[in-house]
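Remarks on the overall topology
Residues per chain are reported as follows:
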Amino acid sequence: MALYDCSKCPGYCCSYPSIPLNKRDVERLAKHFGISSAQAKKKYTSARYGEEYTMRRKADKYFGRICQFFDTEKRCCTIYQARPSICRSYPGGRCGYYDFLSFERRAQEDKDFVALTDNTN
């Protein structure tokens with residue numbers, strides 16, 4: 001699978017309905033913002049979808065809801081250095097947005113539709 005330039009993505013993975021966090025992720029957020037873990041848990045997480053912690057989300061004009069730390073104007077992460085483990089490991093195999101763009105690139109016969117980092121697609 002060819003890789004692509006994530007800087008051109010509108011934040012697809014940040015719009016997932018559930019962005020799971022572990023205890024270490026909450027501690028990392030707490031340290032980043034200079035607050036206690038308890039304060040970070042209360043301020044930045046919600047217990048939805050059965051996970052112990054889930055990232056709170058906010059409104060987004062493209063996806064409806066998106067991670068609260070996503071800059072909806074610049075379309076980038078505002079806490080990149082303190083991002084959760086799930087974000088650090090993404091895509092971990094496949095990226096749905098990459099798959100969509102690759103399909104569109106082939107369908108439109110437009111080699112520039114997806115900004116690839118190599119020429120394997």
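Residues numbered from 1 in each chain as written. Predicted model: local features only at pLDDT ≥ 70, side-chain atom pairs only at ≥ 80, totals over all residues. Heavy atoms only, no water.

1. Brief notes about the environment of Phe69
Counting through the fold element by element, Phe69 comes out in the loop between β5 (64-67) and β6 (70-71). Relative accessible area serves as the criterion here: at 8%, Phe69 is assigned to the buried category. Along the primary structure Phe69 and Met55 are separated by 14 residues, whereas in three dimensions their C-alpha atoms are 9.2 Å apart. Those residues in contact with Phe69 that sit more than four places away from it in its chain are Leu29, Phe33, Tyr44, Met55, Cys76, Cys77, Thr78 and Ile79. (Helix = DSSP H or I, 4+ residues; strand = E, 2+ residues; numbered from the N terminus. Buried < 20%, exposed > 50% of the residue type's maximum accessible area, 1.4 Å probe, protein only. Contact = heavy atoms within 4.5 Å.)

2. Focus: the packing of aromatic side chains
Applying the stated criterion across every chain, the model contains 5 aromatic pairs. When the centroid spacing of 6.2 Å and the interplanar angle of 70 degrees are considered together, the rings of Tyr12 and Phe63 count as edge-to-face. You can see Tyr12 sitting in the segment before β1 (20-21) and its partner Phe63 sitting in the loop between β4 (57-60) and β5, a full 51 residues away along the chain. We classify Tyr12 as partly exposed; its relative accessible area is 27%. On the basis of relative accessibility, which here comes to 30%, the residue Phe63 falls in the partly exposed class. Above the face of the Tyr80 ring, Arg83 is positioned so that its terminal group lies 3.8 Å from the ring centre. (Phe/Tyr/Trp six-rings, centres within 6.5 Å; stacked < 30°, edge-to-face > 60°. Lys NZ or Arg CZ within 6 Å of the ring centre and 35° of its normal.)

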